[in-house]
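# Coordinate inspection notes
As a plain string of letters, each chain reads:
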Amino acid sequence: MHLARFPRLRLAHLPTPLEPMKRLSRELGGPEIWIKRDDCTGLSTGGNKTRKLEFLMAEAEAEGADLVITQGATQSNHARQTAAFAAKLGVDCHILLEDRTGSTDPNYNENGNVFLDHLHGATAEKRGPGLDMNAEMLAVADGFRDGGRKVYTIPGGGSNPTGALGYVNCAFELVHQANDVGLVIDRIVHATGSAGTQAGMIVGLKAINANIPLLGFGVRAPQPKQEENVYNLAVQTAEKLGSPGIVRREDVVANTDYVGEGYGIPTEGTLEAIEMFAQLEGILLDPVYSGKGAAGLIDFIRKGRFKEGEKIVFLHTGGAAALFGYTAAFNYGDRPLAVAAE
Ligand SMILES: *Cc1c(COP(=O)(O)O)cnc(C)c1O
């Protein structure tokens, strides 16, 4: 398997750091928790989509695209990173944003990632919930093509075999870093959504026979659907890489117990996880993905499902820009700033 055979625009800040989280580990009293900082990929506040876009945007460039179109939820980190990447390449970016939460909060609808989409010069249009968003996007793309544009479309989350190559690369990078510092990783956990991150990681880990189990905490789909999506994409990604058959169904494990009411709606556990990472480690999580993944991690440790002595890597997929769309969830406006006790 030779990733260098695939066109890639090397724009991410890599390798991202691999760091111990000592205070969080002590607080939880269980495993030794490390963090892989893919929130620090360098483009417009970072995040996991930048690794995928290195491969996707190389394809767009090779095809001579002058317009990149993608889609996501209102506070999509993928849309924001695509807008930033397009700006860097000097191509136009158009985004379809799906209202998945029904929120009328002006911060949710205009701040955070939405604000950054505009700042990067992207144009956007909105859609109501429940549509086939990839079909909506393809219809919009046809309209632009009729107008003479050279369009490259990117599916939601950048999750196709090309995008997943970014996480094959991450798996190689992470194992290499762990080897360098003598860290024996017992398990990797992260938030899983449109499946490209988990699929790419699984393929990368299998390709080098790392023998490290991976657990994805879901943010939307029920477990059977999530695992099926990840598995199908992993199979296609392995084929693209010339290694068909390396992924088995049982390599794909997702837990969807921490979704709560639905996509984009943080639970109490999500908010607690965000505050713990912020206050113990100085690290920003997000309310849609990494906060839910971390809530799962914390709860698994509290329930003794991850044990003392284990070494766990939390893959931080980013998303902090969305925090500014969710300030109301934290109620800080009603709280006085903390004052030191007399
Ligand atoms: C998109 C995203 C994920 C999920 O990654 P997928 O590849 O879509 O499964 C996780 N965390 C953040 C912050 C994201 O933006």
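Structure shown above.
In this report, we go over the structure that sits alongside the text. Quantities reported herein were computed from a predicted structural model and do not represent experimental measurements.

### Regarding the site of the ligand
Taken together, 17 residues sit near the ligand, with Lys49, Lys52, Ser194, Thr197 and Thr317 positioned nearest. A distance of 2.6 Å is found between an oxygen atom of the ligand and a side-chain nitrogen or oxygen belonging to Lys52. Taking Asn77, its side chain carries an N or O atom lying 2.9 Å from an oxygen atom of the ligand. Listed by contribution, the elements that provide at least two residues to the shell around the ligand are helix 2 (49–62), strand 7 (187–192) and helix 8 (196–207).

### Regarding the packing of helix 7 (residues 161–181) against helix 8
It is the contact of helix 7 with helix 8, at a shortest axis distance of 7 Å, that shows an interaxial angle of 50°. In this view, helix 7 runs oblique relative to helix 8, as classed from their interaxial angle. Note that helix 7 runs across helix 8; the crossing there is right-handed. When helix 7 is examined against helix 8, the residues Ala164, Tyr167, Val168, Cys170, Ala171, Phe172, Leu174 and Val175 are found in contact with a partner set consisting of Gly196, Thr197, Gly200, Met201, Val203, Gly204, Leu205 and Ala207. Counted by class, the contact of helix 7 with helix 8 contains 12 nonpolar, four polar and no charged residues.

### Examining the pattern of salt bridges
Summed over all chains, the structure comprises 20 salt bridges. The shortest N-O distance in the salt bridge between Arg51 and Asp38 comes to 2.7 Å. In this pair, Arg51 sits in helix 2 while Asp38 sits in the loop between strand 2 (32–37) and helix 2, placing the two residues 13 residues apart along the sequence. One salt bridge in this structure joins Glu136 and Arg127, with 2.7 Å as the shortest N-O distance. The network of salt bridges with shared partners includes Lys36, Asp38, Arg51 and Glu173.

### A look at the sheet that holds strand 10 (residues 311–316)
Read from one edge of the open sheet, six strands run 1-2-10-7-8-9, paired in mixed fashion. Looking along the sheet, the strands with just one partner apiece sit at the ends: strand 1 (18–20) and strand 9 (254–255). Direction of pairing for strand 7 relative to strand 10: parallel, over a ladder of three bridges. Paired with Ile188 across the strands is Val313, a residue of strand 10. Across the sheet, helix 7 is in contact with strand 1, strand 2, strand 7 and strand 10; its angle to strand 2 comes to roughly 130°.

### Thoughts on unusual backbone geometry
The amide bond that connects Leu14 to the next residue, Pro15, takes the cis arrangement and shows omega of -5°. In this fold, Pro15 is placed in the segment before strand 1.

### Concerning the packing of aromatic side chains
Tallying each qualifying case throughout the model produces eight aromatic pairs. Here the aromatic cluster, defined as three or more aromatic residues joined through ring pairs, consists of Phe217, Tyr258, Phe300 and Phe306. Looking at Arg220, its charged tip hangs above the ring of Tyr263, at a distance of 5.7 Å from the centre. Above the plane of the ring of Phe300 lies Arg305, whose end atom (NZ or CZ) is 4.0 Å from the centre.

### Brief notes about the pairing of strand 7
When you tally the buried positions in strand 7, you get five out of six residues, the bulk of the element. Each parallel crossover has a hand, and for strand 7 linked through helix 8 to strand 8 (residues 214–218) it is right-handed.

Conventions we followed
All residue numbers refer to position in the chain's written sequence, counted from 1. Selection of residues for local features in this predicted model requires a pLDDT of at least 70, selection of side-chain atom pairs for listing and counting requires 80 or more, and totals for whole chains, interfaces and linings are taken over all residues. Only hydrogens and water are removed before side-chain values are computed, so all heavy atoms of the structure are retained for them. Any residue with a heavy atom lying within 4 Å of a molecule or strand is counted as near it. The term polar contact refers here to a pair of N or O atoms within 3.5 Å; inside protein, the definition further demands a hydrogen-donor-capable atom paired with an acceptor-capable atom, and it admits residues adjacent in sequence only when both atoms are side-chain atoms. Put simply, DSSP H or I for four residues or longer makes a helix, DSSP E for two residues or longer makes a strand, and each gets a number counted from the N terminus. Axis definition: a line fitted to C-alpha atoms, limited for helices to the stretch in contact. Angles are taken between N-to-C directions and run from 0 to 180 degrees. Angles below 35 degrees are treated as roughly parallel, those above 145 as roughly antiparallel, those between 65 and 115 as roughly perpendicular, and all remaining angles as oblique. Here is the rule for handedness: rotate from the far helix to the near one, and if that takes an anticlockwise turn smaller than a right angle the crossing is left-handed, while a clockwise turn gives right-handed. When checking whether two residues touch, look at their non-hydrogen atoms; a contact exists if any pair is within 4.5 Å. Residue polarity follows a fixed list, in which Ala, Val, Leu, Ile, Met, Phe, Trp, Tyr, Cys and Pro are nonpolar, Asp, Glu, Lys and Arg are charged, and the others, Gly among them, are polar. One side-chain nitrogen of Lys or Arg within 4 Å of one carboxyl oxygen of Asp or Glu is enough to make a salt bridge. When DSSP finds two or more bridges between a pair of strands, those strands are recorded as paired. Two rings from Phe, Tyr or Trp (for Trp, the six-membered ring) form a pair when their centres are within 6.5 Å of each other. A pair whose planes differ by under 30 degrees is stacked, one over 60 is edge-to-face, and the rest are tilted. In this analysis the charged atom, NZ for Lys or CZ for Arg, is taken to sit over a ring once it is within 6 Å of the ring centre and within 35 degrees of the ring normal. Summary of the burial criterion: residues with accessible area below 20% of their type's maximum are buried, those above 50% are exposed, and those between are partly exposed, where the area comes from a 1.4 Å probe applied to protein chains only. Crossover handedness is defined by viewing with both strands directed away from the observer: a clockwise path from the first strand over the helix to the second marks the crossover as right-handed.

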